[in-house]
Amino acid sequence: MEVRRFFMRRLGSGTTFRRVARALHMPTMCVSVRPLSCFPSGTPDQTVAKKQQHAPCLMANLTCKKNFWQGRANMCTASHTTLDPSEMKKFQSLANRWWNEQGEFAALHSMNDLRVPFIRDNLLNRNGRRKPGSPLSGYKILDVGCGGGLLSEPLGRLGGLVTGIDPLEDSIRTAELHKSFDPVLNNQIHYRSCLLEDITEEAAETFDAVVASEVVEHVNDLETFISSCYEVLKPGASLFITTINKTNLSFSLAIVVAESFLKIVPSGTHDWDKFVSPVDLERILESNGFYVESINGMCYNPLSGSWSWIESTAVNYAVHAVKQKAQPEFTETTAEEHQDQTRTSTGTSV
Amino acid sequence: MVGTAMACSLGFDPNLQGKKILLLEAGNKKEFEVPESYSTRVSSINPGSATLLSGIGAWDHILNMRCKPFNRMQVWDACSDAMITFDKENLEDEMGYVVENDVVMAALTKQLEAVSDQVKVQYRSRAVRYTWPLPYQTAESNPWVQVELASGQQLQTKLLIGADGPNSTVRKAAGMQTVQWNYEQSAVVAVLHLSELSDSASSLVWSTTHQHATDLLALDDESFVDAINSAFWSNENHSELIHTAGTVFRSALSLLMPSGTSPRQLPPSVSRVGPKSKAMFPLGLGHASEYIRHRVALIGDAAHRVHPLAGQGVNLGFGDVACLTRHLSQAAFDGRDLGATRHLLEYETERQRHNLPMMAAIDILKRLYSTKMAPFVLLRTLGLQATSAVPPLKEQIMAFASK
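No experiment lies behind these values; they were computed from the predicted model shown. Numbers given to residues run from 1 along each chain, matching the order in which its sequence is written. For naming, the first written chain is A and the first written ligand is 1, with later ones following in the order written. Where totals are concerned, whole chains, interfaces and linings use all residues; where local detail is concerned, this predicted model gives features only for residues with pLDDT of at least 70, and gives and counts side-chain atom pairs only at 80 or more. Working from all heavy atoms in the structure, the side-chain values ignore hydrogens and water.

Engineer: Please clarify how the overall build of chain A should be interpreted in this entry.
Structural biologist: Strands here are runs of E lasting at least two residues and helices are runs of H or I lasting at least four, both read from the DSSP assignment and numbered beginning at the N terminus. Summing up its helical and strand segments, chain A has 14 helices and eight strands in all. Per-residue accessibility, obtained with a 1.4 Å probe over protein chains only, is compared with the maximum for each type, and a residue is labelled buried under 20%, exposed over 50%, and partly exposed between these values. Across the 350 residues in chain A, those meeting the buried criterion constitute 54%. Contact between two residues is taken to exist if any of their heavy atoms lie within 4.5 Å; hydrogens are not considered. Within chain A, contacts between residues at least 6 apart in sequence are counted, and of these 74% link residues at least 24 apart. On chain A, roughly 15,500 Å² of surface is accessible, and the fraction owed to carbon and sulfur atoms is 54%. Working definition of accessibility: Shrake-Rupley area with a 1.4 Å probe, residue cover restricted to the visible protein chains.

Engineer: Got a minute to help me understand the nonpolar core in this structure?
Structural biologist: Nonpolar side chains in soluble globular proteins tend to be buried together. With 57 residues, the main nonpolar core has Ile45, Leu53, Ile62, Val147, Phe318 and Leu324 of chain B as its most contacted residues. Tallying contributions element by element places helix H9 (residues 313–333) of chain B first for this core, with eight residues. Once you skip the residues sitting within four places of it in the chain, leucine 324 of chain B turns out to touch Met6, Ile161, Ala297, Ile299, Leu344 and Tyr347 of chain B. We define a nonpolar core as any set of buried Ala, Val, Leu, Ile, Met, Phe, Trp, Tyr and Cys residues linked to one another through side-chain atoms lying within 4.5 Å. In terms of nonpolar packing, the next biggest core, distinct from the first, is built from 32 residues, Leu142, Leu196, Ala203 and Val292 of chain A among them.

Engineer: So what exactly am I meant to see when it comes to the pattern of salt bridges here?
Structural biologist: In a structure, side chains of opposite charge can pair up when their charged atoms sit close to one another. Residues and elements named next belong to chain A. One speaks of a salt bridge when a side-chain nitrogen belonging to Lys or Arg is within 4 Å of a carboxyl oxygen belonging to Asp or Glu. On inspection of all chains with the given rule, the structure shows 24 salt bridges over all chains. The closest approach of N and O atoms between glutamate 293 and arginine 126, which form a salt bridge, is 3.1 Å. Linking glutamate 293 in strand E6 (residues 290–301) with arginine 126 in helix H6 (residues 106–127), this pair joins segments that are 167 residues apart in sequence. Residue glutamate 293 is classed as partly exposed on the basis of its relative accessible area, which comes to 36%.

Engineer: Would you take a moment to explain unusual backbone geometry for this structure?
Structural biologist: Glycine aside, negative phi is the norm for most residues, and most peptide bonds take the trans geometry. All names here are of chain B. The backbone of arginine 124 shows a phi angle near 50°, a positive value even though the residue is not glycine. In this structure, arginine 124 sits in the loop between strand E7 (119–122) and strand E8 (127–131). A positive phi angle, close to 70°, is found at arginine 295, a residue other than glycine. By the element assignment, arginine 295 lies in the loop between strand E16 (292–293) and strand E17 (296–298).

Engineer: Please explain the packing of helix H2 (residues 47–55) of chain B against H9 of chain B as it appears in this structure.
Structural biologist: A pair of packed helices is captured by two measures, namely the crossing angle of their axes and the spacing between those axes. Residues and elements named next belong to chain B. Note on definitions: angles span 0 to 180 degrees between N-to-C directions of axes, and those axes are lines fitted to C-alpha atoms, for helices only across the stretch in contact. Across the interface, H2 lies against H9 with an axial gap of 9 Å and an inter-helix angle of 50°. On the basis of the axis angle, H2 is oblique to H9. The crossing of H2 and H9 is left-handed. Facing H2, whose interface residues are Ser49, Leu52 and Leu53, H9 presents Asn315, Phe318, Val321 and Ala322. Counted by class, the contact of H2 with H9 contains five nonpolar, two polar and no charged residues. For this classification, under 35 degrees means roughly parallel, over 145 means roughly antiparallel, 65 to 115 means roughly perpendicular, and everything else is oblique. Crossing chirality is assigned from the near helix's rotation relative to the far helix, an anticlockwise turn below a right angle marking it left-handed and a clockwise turn marking it right-handed. Ten residue types, Ala, Val, Leu, Ile, Met, Phe, Trp, Tyr, Cys and Pro, are classed as nonpolar, four, Asp, Glu, Lys and Arg, as charged, and the remainder, Gly among them, as polar.

Engineer: What is the right way to read the sheet that holds strand E5 (residues 233–244) of chain A from this model?
Structural biologist: Strand pairing within a sheet occurs via backbone hydrogen bonds; the two strands may be parallel or antiparallel. All names here are of chain A. Strands were regarded as paired on the criterion that DSSP finds at least two bridges between them. Strand order in the open sheet formed by eight strands is E3-E2-E1-E4-E5-E8-E6-E7, with mixed pairing between adjacent strands. Whereas interior strands pair on both sides, the edge strands pair on one side only; in this sheet they are strand E3 (189–192) and strand E7 (306–310). In this sheet, adjacent strand axes meet at a mean angle of 20° when their direction is disregarded. The pairing of strand E1 (residues 140–144) with strand E2 (residues 161–165) spans five bridges and is classified as parallel.

This is the structure in structure tokens:
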């Protein structure tokens, strides 16, 4: 099975793969909001890897597949009733492993060494207020796809009021349990099992920062996701994204090496088609009212189990984008109006 | 001393504001007043420790109370004429300070009161039982360290720092292996008054066999002074061979390095000993193989215990305090759980890399200088003279001891 999938990947674009996969009755990835770790993690768990033959999929039925074959214009909305029970079971077994720092999610734990300072320093640089001992005090932060709360907890400890959302209830339950022992953290963080799209209305312009770490490579419709982020952010607030680039190198490292050879990421976790290059992400962000402050490459060293910042964004990278403060009034000039304007101007052509 | 310094250091750290810190003292609260007469237990504080103490504001109190800086250190060999002098160029900077332990404690306690809203001190609280958490999250177990006091009070904490001395109960309860041995020696401590300056005092630490130490303590003050003087001045252990070898070597060195010898200071003469100032305590070496576990860290004598010959014991402890505070501060600034093993491991690695060479050097020196056998005496005589003649080497030694 592993070998077959390996060769199917080799067929080239994901679409070809999907056509073949469909023929072989293999469920394919539709929408999944990072239920699993997406990078090489510490200890391979062979039993889990074997169970994870199929890609995680929150929509297991015809609606999703039909939409998918029609192209990726439509977004699949997931509801719990359409959740595949077999998928649920897989993540159930992983749900209580979130907090084992040497387990499957070791790489996500060590990624905090990069992402927490990244978020903290960029927020402090923009706003400058700093309470000693609690640098993010007063910041409302949304952690999309929070999983077991690996990133929510450090942000909460730094004083932020964190809302963590994840579609998987078991992960949310793990996160709730883990924070419950710390009375201070318990009040700083609130978890909710839902999707971002579910809260855009009630949480419009609420958050000082949105963090979507290792999420966008699992989202089916990136445009809608980014515009939902836009809606929940206050003007001038920050969006932090960490994700994987769409390059040959990322294919070979993050998918082939990590999934098929070293088997340190469950097979099928990542769909190379869903990877987004920094250029595309920047374009989508800018067309949705953000401007991109910085893009930094990240590199994971599987031997030491640690991450570091690098120049190249060839595999993993992090983006800091800021929601523009005031959307300029954009009125569509019609063709006639444009001609009038050019006629009245002093003859210089633009 | 080291435990109080740790509590102070944490309380003053800006990144740890808002964290709740509790210092458990088994003894009673002592009202410290600087007594008229000098106390026996003193420590030599190196510049690194002085930096830590001034960072937490205790150094000013110490300077206001009583402390004596020293600029030179001279080491004689009893069995030969060899000696070595450590001093900084121009004798401007201090090499270190001799401070009474009571003075240090008084200064630290005063500073603790300044951060009393964050650091609480509980006296007469002896811990009787510790319950250690599992290293990872499970639904049933409490992830924090539970401490039960003799009074029955239950406490829980994210990080337990053990600073309870060489017989640390924290270390034993956590099951950390310790490498330790006794030196079959005791140290006799006393306050001496030297004949040159009548109003200043010196501190004596005489490391010798248990029997001899007991005998010394039993002597009256006059005989005690005589014993000290004869130990300083007598030549009874000198042998011709060593003497000749030493002289020849010294001439050879002065040919190679003309500036290699510094003015020789004669040993002091003791005129009297401070009343009721004699005491003794056993000596040994101890080193915990691990300084940390999940949610536990050891500092000071609980982690390492050395011979007092180099005056480094409390300095290693203060070094631990500075290092652990730095790592905890950074961890708090990164939003990490303070009891997490990652930064505790970094602390352990950093300190073990510093402490182990120092402890090994002290142990070797102790063994080397404990013997009167000719080959060793020859070795140490020539070695001492050679080291004394090489200023860069001396500077390296001083720099290492000052950290």
